[in-house]
Amino acid sequence: MTETTYDVQHVEGGVPVKMWTRGVPVDDKARGQLARAAKMPFVFKHVAAMPDVHVGIGATVGSVIPTKGAVIPAAVGVDIGCGMMAARTSLTANDLPDTLEGIRAAIEQAVPHGRTVGRGKRDTGSWGDPPPAIVEAWATLAERFQRITDKHPRLKNTNNLVHLGTLGTGNHFIELCLDEEARVWVMLHSGSRGVGNAIGSFFIELAKQDMRKWFINLPDDDLAYFPEGTDHFDDYVEAVGWAQDYAALNRRMMMTNVIRALRREIAKPFDAELEAVNCHHNYVTRENHFGENVLVTRKGAVRAARGVMGIIPGSMGAKSFIVRGLGNAEAFDSCSHGAGRVMSRNEAKRQVTLDEHIADTAGVECRKDAGVIDETPRAYKPIEAVMAAQADLVEIVHTLKQVVCVKG
């Protein structure tokens, strides 16, 4: 009998949950949330849990939920298409200035980040007047967006054009990293921003309304779904596909502006995107598994089909990895999307001191103030343990260590 590399959580009245979590902590609340998803009647074969698994809103972060005949909007979440992009340059560590403060400032100036709210104030995380390249990029999405908003006008007046090519807040970041050969990479993490949030929130509420209308009782209200063949199913699939394309374009536009900022700061000419990866980790897509066509929802998980490149970042101050998928069928060709939280944001603020955060981010040019304590390295699982738990899902191609980290 072949020894498995995962543990199985059996769910009464549902499909099993296969968990690649050996050697990493899993919260009991996350196990309960996984079990509730596994009880949905349209889940195909089993749910897969990645080693970074932790409690999320709607569905567990670090989960892969394959379905037939239905889609759960909250299992994708509101940051539709959130993901990573990384590009290797021809620069090496020796080409960087002794102090990296100027590079960090240049990136912060090139890419709107963070968020400010208040009457009469412009949100610093958006474009006041989008530059021509952003307007031109938006034009590639505008016609499809018009079709979506013709059917759902509430989505029209959202932060769409003004958020394209912007970073956001929370765990989104832009980093300059060095690989095992001291080569310089640019790596960034963001999604579909305000417009994706609006689309996700709108359809999650619409699914809940449908459940109430049809008197369908659920193990969790956030597991409200659209059955295939209904108008709302088709509208959601169209809108979520558009938001995923927006997210990928958002990352490309940020990458372009970061590279441009680096060229201004570093006198030496250099090539960019010698190796490049752009991958989602909050999304739904149609795939074939175990000989059947299914919808696969990955929330905090990356596609790791054989030969497919992906990115698994650590926390601020930790290593990150460029990986190649091994195509593990039992995991539905998936892997983790990062380290995964062990503390909630509020818990991190209560438990971690500013001195501890400063010590843990030593050697990284980044924010070292109380406003980023919720993203401090101690709030996350050890990335080395996470990678060890999924050795049969991906192989490591490059190991990266950040030297600059920009957060909103």
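Just above sits the structure.
Let us look at the structure shown here. (Residues numbered from 1 in each chain as written. Predicted model: local features only at pLDDT ≥ 70, side-chain atom pairs only at ≥ 80, totals over all residues. Heavy atoms only, no water.)

## Remarks on the sheet that holds strand β6 (residues 83-92)
Within a sheet, adjacent strands bond to each other through the backbone by hydrogen bonds, running parallel or antiparallel. The 7 strands are arranged β10-β6-β8-β7-β17-β15-β14 in an open sheet whose pairing can be described as antiparallel. Here the strands that pair on one side only, and so sit at the sheet edges, are β10 (276-280) and β14 (309-312). Across the sheet, the axes of successive neighbouring strands diverge by a mean angle of 30°, strand direction being ignored. Bridge count between β6 and β10: 5 bridges; the pairing is antiparallel. Considered in β10, the bridge of Gly83 is made with His280. Relative to the sheet, helix α3 (residues 101-110) contacts β7 (173-178) and β17 (394-407), its axis offset from that of β17 by approximately 90°. (Pairing = 2+ DSSP bridges. Helix = DSSP H or I, 4+ residues; strand = E, 2+ residues; numbered from the N terminus. Axes fitted to C-alpha atoms, helices over the stretch in contact; angles between N-to-C directions. Contact = heavy atoms within 4.5 Å.)

## Considerations on the packing of helix α4 (residues 132-151) against helix α6 (residues 231-265)
The interhelical angle for the contact between α4 and α6, taken along N-to-C directions, is 170°, at an axis separation of 10 Å. The pairing of α4 with α6 is recorded here as roughly antiparallel in orientation. Note on element contacts: α6 touches α4 through Asp235, Glu238, Ala239, Gly241, Trp242, Asp245, Tyr246, Leu249 and Met253, opposite Ala133, Ile134, Ala137, Trp138, Thr140, Leu141, Arg144, Phe145, Arg147, Ile148 and Lys151. Looking at side-chain class alone, the contact of α4 with α6 contains 12 nonpolar, 2 polar and 6 charged residues. (Parallel < 35°, antiparallel > 145°, perpendicular 65-115°, else oblique. Nonpolar A, V, L, I, M, F, W, Y, C, P; charged D, E, K, R; others polar.)

## A few points about the nonpolar core
Nonpolar side chains in soluble globular proteins generally cluster together in the buried interior. Core analysis: the largest hydrophobic core is formed by 55 residues, its most contacted members being Val17, Val47, Ile199, Phe203, Phe226 and Trp242. Elements supplying a minimum of two residues to this core: β2 (17-19), α1 (28-38), β3 (47-54), β5 (70-71), α2 (73-76), α4, α5 (193-213) and α6. Counting residues per element, this core draws most heavily on α6, which supplies 9 residues. Each residue touching Trp242, except ones within four places of it in the same chain, is listed here: Trp138, Leu141, Arg144, Phe145, Ile148, Val195 and Ile199. Among the nonpolar cores identified, the runner-up in size contains 46 residues, and Ala48, Val64, Val296 and Leu393 belong to it. (Core = buried A, V, L, I, M, F, W, Y, C linked by side-chain atoms within 4.5 Å. Buried < 20%, exposed > 50% of the residue type's maximum accessible area, 1.4 Å probe, protein only.)

## A short note on the state of the cysteines
Counted by the stated rule, this structure contains 0 disulfides. This cysteine, Cys82, is not joined by any disulfide, and Cys279 carries the nearest cysteine sulfur, 10 Å off. Overall, Cys82 belongs to the buried group, its relative accessible area being 3%. Considering cysteine sulfurs only, Cys335 is the nearest to Cys279, which forms no disulfide, with 7.9 Å between them. By relative accessible area, which is 8% here, Cys279 ends up buried. (Disulfide = S-S within 2.5 Å.)

## Remarks on the side chain of Gln390
Looking at the element boundaries, Gln390 is found in the loop between α9 (383-389) and β17. Here Gln390 is in contact with Pro51, Ile312, Cys335 and Ser336, once residues within four sequence places are set aside.

## Remarks on α1
Every buried residue of α1 is accounted for by Ala30, Gln33, Leu34, Ala35, Ala37 and Ala38. Packed against the buried residues of α1 are β1 (7-9), β2, β3 and β4 (61-67). Capping of α1 at its N-terminal end is provided by Asp27; its side-chain oxygen lies 2.6 Å from the backbone amide nitrogen of Lys29. (Polar contact = N/O pair within 3.5 Å; in protein donor to acceptor, adjacent residues only side chain to side chain.)

## Brief notes about the packing of aromatic side chains
What describes a pair of aromatic rings is the distance from one ring centre to the other and the angle between the planes of the rings. Evaluated as defined, the whole model comprises 13 aromatic pairs. Consider the rings of Trp138 and Tyr246, whose centres lie 6.4 Å apart with planes at 75°: the pair is edge-to-face. Linking Trp138 in helix α4 with Tyr246 in helix α6, this pair joins segments that are 108 residues apart in sequence. Assessed through its relative accessible area of 12%, Trp138 is described here as buried. (Phe/Tyr/Trp six-rings, centres within 6.5 Å; stacked < 30°, edge-to-face > 60°.)

## Regarding the side chain of Thr60
Checked against the element boundaries, Thr60 lands in the loop between β3 and β4. In this structure Thr60 comes out as buried when scored by relative accessible area, which is 2%. For Thr60, the side chain forms a polar contact with the side chain of Gln33, separated by 3.3 Å. In this structure Thr60 touches Ala30, Gln33, Leu34, Val53, His54, Val55 and Lys299, once residues within four positions along its chain are discounted.

## Some words on the sheet that holds β3
Taken together, 6 strands build an open sheet; the order of strands is β1-β2-β3-β4-β12-β11 and the sheet is mixed. On the outer flanks of this sheet lie β1 and β11 (282-289), each paired with one strand and no other. Along the sheet, successive strands turn relative to each other by an average axial angle of 25°, direction set aside. Bridge analysis of β1 against β2 gives 3 bridges, and the strand direction is antiparallel. Note that in β2 the partner of Asp7 across the bridge is Met19.

## Side note on unusual backbone geometry
At Glu273, a residue that is not glycine, the phi angle is positive and equals roughly 55°. With phi around 50°, Phe290 is a residue other than glycine that occupies positive phi space. As for its position among the elements, Phe290 is in the loop between β11 and β12 (292-299).

## Describing the pattern of salt bridges
Inspection of every chain in the model, using the stated rule, returns 29 salt bridges. Members of the salt-bridge network, linked through shared partners, are Arg341, Arg345, Asp374, Glu375 and Lys407. (Salt bridge = Lys/Arg side-chain N within 4 Å of Asp/Glu carboxyl O.)

## A look at α5
Here α5 spans 30 Å end to end across 21 residues, near enough to the 30 Å set by a 1.5 Å rise per residue. For α5, every residue scored as buried is listed here: Arg193, Val195, Gly196, Ile199, Gly200, Phe202, Phe203, Ile204, Leu206, Ala207, Asp210 and Met211. Just downstream of α5 lies Phe215, where phi reads positive at about 55°. (Expected span 1.5 Å × (residues − 1).)

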